Amino acid sequence: MSEEKYYVYILAGKKLGTLYIGVTGDLIQRIHAHKENLLDGFTKKYGVHRLVWFEEHGDINEAILREKQMKKWKRDWKINLIERTNPAWLDLYSEIIG
C-alpha cells in the first residue's frame, strides 16, 4: 500500500512579492494549474505562479491545519520560512517535475 502524500505550498509573484499559501494532494498538477491560469481566483488575478516553498505531510488533516496556521502568520514569518531553504526565491516547479 502506498503512503498518501499531501503538500502545503507557497507561491509568489516575484521575490518579496505577493504570496499565496495552499494545500493539495497532487503538487505537480496543482502548480501546473496555477501556472496555466486554469484556476480562477487569487493566483490568476494577481499573477502569483512561482513555487517558492513546499513541505510534505502524510496526513491530510495535518496538512490542512498547517496551511490554516500559516495563513495567520505575519508576512515576515512567511518570508523567513521561504528564505531559509530558497534564499533566491527560485521557482521550484522544475525541481518537482524532475
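Scroll up a little and you will see the structure.
Attention in this report is confined to the structure presented alongside it. The structure presented is a predicted model; accordingly, all values stated were derived computationally and were not measured.

## Side note on the sheet that holds strand β2 (residues 19-24)
Point 1. With antiparallel pairing, the three strands of this open sheet are ordered in space as β2-β1-β3. The open sheet has two free edges, formed respectively by β2 and β3 (50-57), since each of these has just one partner strand. Averaged over all pairs of adjacent strands, the angle between strand axes in this sheet comes to 20 degrees, irrespective of strand direction.
Point 2. As paired strands, strand β1 (residues 6-12) and β3 are joined by seven bridges and run antiparallel to one another. For Y7, the partnering residue across the bridge sits in β3 and is E56.
Point 3. Along the sheet, helix α1 (residues 27-35) makes contact with β1, β2 and β3, crossing β1 at roughly 25 degrees.

## So, the nonpolar core
Point 1. In this structure, V8, I10, W53, M70, I82 and W89 are the most contacted members of the largest nonpolar core, which totals 15 residues.
Point 2. For this core, the secondary structure elements donating two or more residues are β1, β2, β3, α3 (60-71) and α4 (75-85).
Point 3. Per-element accounting of this core gives the leading share, four residues, to β1.
Point 4. Other than its neighbours up to four places away in sequence, I10 contacts L19, Y20, I21, R50, L51, V52, W53, M70, L81 and I82.
Point 5. Within the second largest apolar cluster, ten residues are counted, among which are Y7, I31, V48 and Y93.

## Things to note about the environment of D40
Point 1. You can see D40 is positioned in the loop between α1 and α2 (42-46).
Point 2. Taking the C-alpha atoms as reference points, D40 and R30, separated by ten residues in sequence, lie 13 Å from one another.
Point 3. Among the polar contacts made by the side chain of D40, one reaches the side chain of K44 at a distance of 2.9 Å.

## A look at α1
It helps to recall that an α-helix has 3.6 residues per turn; residues three or four apart then point in one direction.
Point 1. Looking at α1, one finds that the buried residues are L27, I31, A33 and H34. Projection of α1 onto a plane perpendicular to its axis shows the buried side chains occupying an angular sector of 155 degrees, all on one side.
Point 2. Here the buried face of α1 lies against β1, β2, α2, β3 and α5 (93-97).
Point 3. Of the residues trailing α1, N37 is marked for its positive phi of about 55 degrees.

The rules behind the values
- Residues numbered from 1 in each chain as written.
- Predicted model: local features only at pLDDT ≥ 70, side-chain atom pairs only at ≥ 80, totals over all residues.
- Heavy atoms only, no water.
- Pairing = 2+ DSSP bridges.
- Helix = DSSP H or I, 4+ residues; strand = E, 2+ residues; numbered from the N terminus.
- Axes fitted to C-alpha atoms, helices over the stretch in contact; angles between N-to-C directions.
- Contact = heavy atoms within 4.5 Å.
- Core = buried A, V, L, I, M, F, W, Y, C linked by side-chain atoms within 4.5 Å.
- Buried < 20%, exposed > 50% of the residue type's maximum accessible area, 1.4 Å probe, protein only.
- Polar contact = N/O pair within 3.5 Å; in protein donor to acceptor, adjacent residues only side chain to side chain.
- Arc of directions from axis to C-beta.

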